[in-house]
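Coordinate inspection notes
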Amino acid sequence: MEWDGSGDSVVAAFARWAAHERAAEAAGTRSRERSLRDQAAGEATWSGLLVDLSETQGEVALDVGGRRLSGRLVGVGPDFCVLEQRSRRASLVPSDRIVAIWQESPASGSRFPHLQLSFTSALAALAAERAPVCLILSGGGQLSGELVGSGTDLVTVRTDSAARRTVHVRICHIDVCELR
């Protein structure tokens, strides 16, 4: 500190010292925040990112099978998420079918899923209720009807068509299961 012995010079020196300390503390805080962000990014997982986005309830867009679905993520399981679309209808989307996630604000992705059931188990629960669904299939196809059965690697749908045909679909080829 520099001063000439007067009260004013001592106060001015203290003010310079305090300003220097505030600047050093702010720089340290920014450095710690950057380090924590970098650490969180290094620990990020796809599932964790989905969990973070479901907790913020913000709008997202998911690129799935050549389509872009928009809405809010409202639940995440170990291998799927539940997207409430703008129409207020829920869609189950297998995590591994999501190619990209578009969002307004960043999320860290270092969290764990809340739902303790798999996509296959969720489909089985819907089949037990004979839920009306629209399955969006890889390759661009669509299948609407009543979900009447679910096995280890397939689901069975009774179509809405006049013939009410039964169709079996491999679960690995379902991009989205929209609830109707």
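Look a little higher up for the structure.
Just so we're clear, the structure is a prediction, and the values are computed from it rather than from any experiment.

Counting 20 residues, the largest nonpolar core has Leu123, Leu135, Leu147, Val155 and Ile174 as the members making the most contacts within it. Those elements that place two or more of their residues in this core are strand E3 (80–85), helix H3 (119–128), strand E6 (132–137), strand E7 (142–150), strand E8 (154–159) and strand E10 (174–179). Sequence-distant contacts of Leu135, that is, excluding residues within four places in its chain, are made with Gly141, Gln142, Leu143, Val155, Val157, Val169, Ile174, Val176 and Cys177.

The buried fraction of strand E4 (residues 90–94) amounts to four of the five residues, a majority that puts the element mostly inside the structure. The pairing of E3 with E4 spans five bridges and is antiparallel. Of the residues in E4, the one forming a bridge with Cys81 is Val93. If you look at the hairpin formed by E3 and E4, you'll find four residues sitting between the two strands, and Arg88 has a positive phi there, around 75°.

Take the pattern of salt bridges next. Enumeration over the complete set of coordinates arrives at seven salt bridges. For Arg86, the salt bridge goes to Glu59, with nearest N and O atoms at 3.2 Å. Taken together, the residues span a long stretch of sequence, with Arg86 in the loop between E3 and E4 and Glu59 in strand E1 (residues 59–64) at a distance of 27 residues. For Glu59, a relative accessible area of 40% translates into the label partly exposed. Across the pair Arg72 and Glu84 runs a salt bridge whose closest N-O atoms are separated by 2.6 Å. Of this pair, Arg72 sits in strand E2 (residues 67–76) while Glu84 sits in strand E3, and the two are twelve residues apart along the sequence. With a relative accessible area of 22%, Arg72 lands in the partly exposed category. Among the charged side chains, a salt-bridge network with shared partners connects Arg72, Glu84 and Arg88.

All right, on to the environment of Gln57 then. Its place among the elements puts Gln57 in the loop between helix H2 (46–56) and E1. Judged by relative accessible area, Gln57 falls into the partly exposed class, the value being 33%. Not counting residues up to four positions away in its chain, the partners in contact with Gln57 are Arg72, Leu73 and Val74.

Our focus in this paragraph is the environment of Phe119. Mapped onto the secondary structure, Phe119 falls in helix H3. Through-space distance from the C-alpha of Phe119 to that of Pro94 is 6.5 Å; in sequence the pair is 25 residues apart. In this structure Phe119 touches Asp79, Phe80, Leu92, Pro94, Ile171 and Ile174, once residues within four positions along its chain are discounted.

Positive phi, normally seen in glycine, also occurs at Arg130, with a value near 55°. By the element assignment, Arg130 lies in the loop between H3 and E6. For Arg130, a relative accessible area of 41% corresponds to the partly exposed category.

Below, the discussion takes up the sheet that holds E1. Pairing is antiparallel across the open sheet formed by ten strands, whose spatial order is E5-E1-E2-E3-E4-E10-E6-E7-E8-E9. Either end of the sheet is taken by a strand with one partner, and the two such strands are strand E5 (98–103) and strand E9 (166–170). Within the sheet, the average angular offset between the axes of one strand and its neighbour, ignoring direction, is 40°. Summarising the sheet, E7 and E8 pair through five bridges and their orientation is antiparallel. Residue pairing in the sheet places Gly145 in a bridge with Thr159 of E8. Against the sheet, H3 engages E3, E4, E7, E8 and E10, with an angle of about 85° to E7.

Rules used in this analysis
Residues numbered from 1 in each chain as written. Predicted model: local features only at pLDDT ≥ 70, side-chain atom pairs only at ≥ 80, totals over all residues. Heavy atoms only, no water. Core = buried A, V, L, I, M, F, W, Y, C linked by side-chain atoms within 4.5 Å. Buried < 20%, exposed > 50% of the residue type's maximum accessible area, 1.4 Å probe, protein only. Helix = DSSP H or I, 4+ residues; strand = E, 2+ residues; numbered from the N terminus. Contact = heavy atoms within 4.5 Å. Pairing = 2+ DSSP bridges. Salt bridge = Lys/Arg side-chain N within 4 Å of Asp/Glu carboxyl O. Axes fitted to C-alpha atoms, helices over the stretch in contact; angles between N-to-C directions.

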